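Residue-level structural notes
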Amino acid sequence: MRFLIVGGSGFLGSELVRQCLATRHEVAATYLTRSGEIAGVEWLPLDVRRREDVDALIGAFQPEVVINAAFRQTDWATTAVGAVNVALAAAAAGGRLVQVSSDAVFSGAAIRYDETCVPDPVTPYGAAKAAAETAVNAIAPTAVTARTSLIIGDGDSSHEALVHSLATGRAKGTLFTDDVRCPVHVVDLAAALLEFAVSEYHGIHHVAGADAVSRYELGLLIARRDGLDADRLSSGRRADTNVPGPMDVRLECGMTQRRLRTRLRGARQFLG
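Definitions and cut-offs
- Residues numbered from 1 in each chain as written.
- Predicted model: local features only at pLDDT ≥ 70, side-chain atom pairs only at ≥ 80, totals over all residues.
- Heavy atoms only, no water.
- 1 Å grid on protein atoms, 1.4 Å probe; cavity = no way out; pocket = protein on both sides within 12 Å on 5 of 7 lines; lining within 4 Å.
- Points joined across faces, edges and corners; volume = space filled by probe spheres on them.
- Helix = DSSP H or I, 4+ residues; strand = E, 2+ residues; numbered from the N terminus.
- Nonpolar A, V, L, I, M, F, W, Y, C, P; charged D, E, K, R; others polar.
- Contact = heavy atoms within 4.5 Å.
- Polar contact = N/O pair within 3.5 Å; in protein donor to acceptor, adjacent residues only side chain to side chain.
- Axes fitted to C-alpha atoms, helices over the stretch in contact; angles between N-to-C directions.
- Parallel < 35°, antiparallel > 145°, perpendicular 65-115°, else oblique.
- Pairing = 2+ DSSP bridges.

What follows concerns the layout of surface pockets. Its boundaries defined by the atoms lining it, the second largest pocket holds a volume of some 160 Å³. Lining the second largest pocket are Leu150, Ser158, His159, Leu162, Val163, Thr174, Leu175, Phe176, Arg215 and Leu218. Within the residue set of the lining of the second largest pocket, elements represented by two or more residues are helix H5 (158–167), strand E9 (174–176) and helix H7 (215–225). The dominant element in the lining of the second largest pocket, judged by the number of residues it contributes, is H5, at four residues. Split by residue class, the lining of the second largest pocket holds six nonpolar, three polar and one charged.

Let us look at the environment of isoleucine 38. Residue placement: isoleucine 38 occurs in the loop between strand E2 (26–31) and strand E3 (42–45). Each C-alpha atom, one on isoleucine 38 and one on leucine 150, is 24 Å from the other, the two residues being 112 residues apart in sequence. Not counting residues up to four positions away in its chain, the partners in contact with isoleucine 38 are Ser14, Val17, Arg18, Leu21 and Trp43.

Here we take up the side chain of threonine 148. Along the chain, threonine 148 turns up in strand E7 (residues 144–148). A polar contact of 2.7 Å, which involves the side chain of threonine 148, links it to the backbone oxygen of valine 207. Non-local contacts of threonine 148, meaning those with residues more than four positions away in its chain, are made with Val100, Ser101, Ser102, Asp103, Val184, Leu189, Val207 and Leu251.

It is the contact of H5 with H7, at a shortest axis distance of 9 Å, that shows an interaxial angle of 75°. Here H5 is positioned roughly perpendicular relative to H7, judged by the angle of their axes. Across from His159, Glu160, Val163 and His164 in H5, the residues of H7 making contact are Arg215, Gly219, Ile222, Ala223 and Arg225. The residue makeup of the contact of H5 with H7, split by class, is three nonpolar, three polar and three charged.

Overall, parallel pairing links the seven strands, which are arranged E3-E2-E1-E4-E5-E7-E12 in an open sheet. Each edge of the open sheet is held by one strand with a lone partner, namely E3 and strand E12 (203–206). For this sheet the average axis-to-axis angle between neighbouring strands, irrespective of direction, equals 20°. The sheet contact formed by strand E4 (residues 65–68) and strand E5 (residues 96–102) spans four bridges and is parallel. In the sheet register, asparagine 68 faces E5, and the bridge partner there is glutamine 99. Sitting on the sheet, helix H2 (residues 51–61) touches strand E1 (2–6), E2 and E3, and the angle it makes with E1 is about 160°. Sheet contacts for helix H6 (residues 186–197): E1, E4, E5, E7 and E12; angle to E5, the most-contacted strand, approximately 145°.

Given below as structure tokens:
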């Protein structure tokens, strides 16, 4: 099939590109400031905030599937307006859309959230992702919106880089014991998104790992896997700070997992 990965130079986007190539799909990928380094891909510059540019690129490429993995945590226009622009252009081109969302759409008040739960964001980023979900559902009701959590790799994610910096003394900071998420491996997440891309499913799906772990436990798992000194990681309680945002958010993925061949491993397994 003919795939367009929007935000293809990012961490998740790059894995999506690799898996598309491995399964012999035709793939193009967009970037904002620097193209990816994967060969065999058409790299296309795109600012998703510019409606006319999105329309022109998707209209010219005519993808059968668009996966939107583009976001900026501090930029509403990229995360929310960009998702609207991509959805409108994909719908006009007749392409199937998979929109990547986040557990940041939830406040943490309920702790456990399944696919039927209504967003109640408490941060600007969460609000932008929630707005994107609403727009995608209205513009492209046959699209899949996939909420995910912390994305971990084999040493190359931002979360792993932070743990490496803390465990080697290059940075100082605290990993919270009461800040809980359901980390997912980037390979599992990308495989699940590609499954949904060629399926007939639509609507909200939760694509996160099977284990709920704190930021501190996640740090310990990463440090031990990579042979670092886990004792150098400092722990604390987020409740004792003024750091904003949700604390304990656990995505329930039962319905989604029953629809997938891809198994969504927990952090204790893929980091064990």
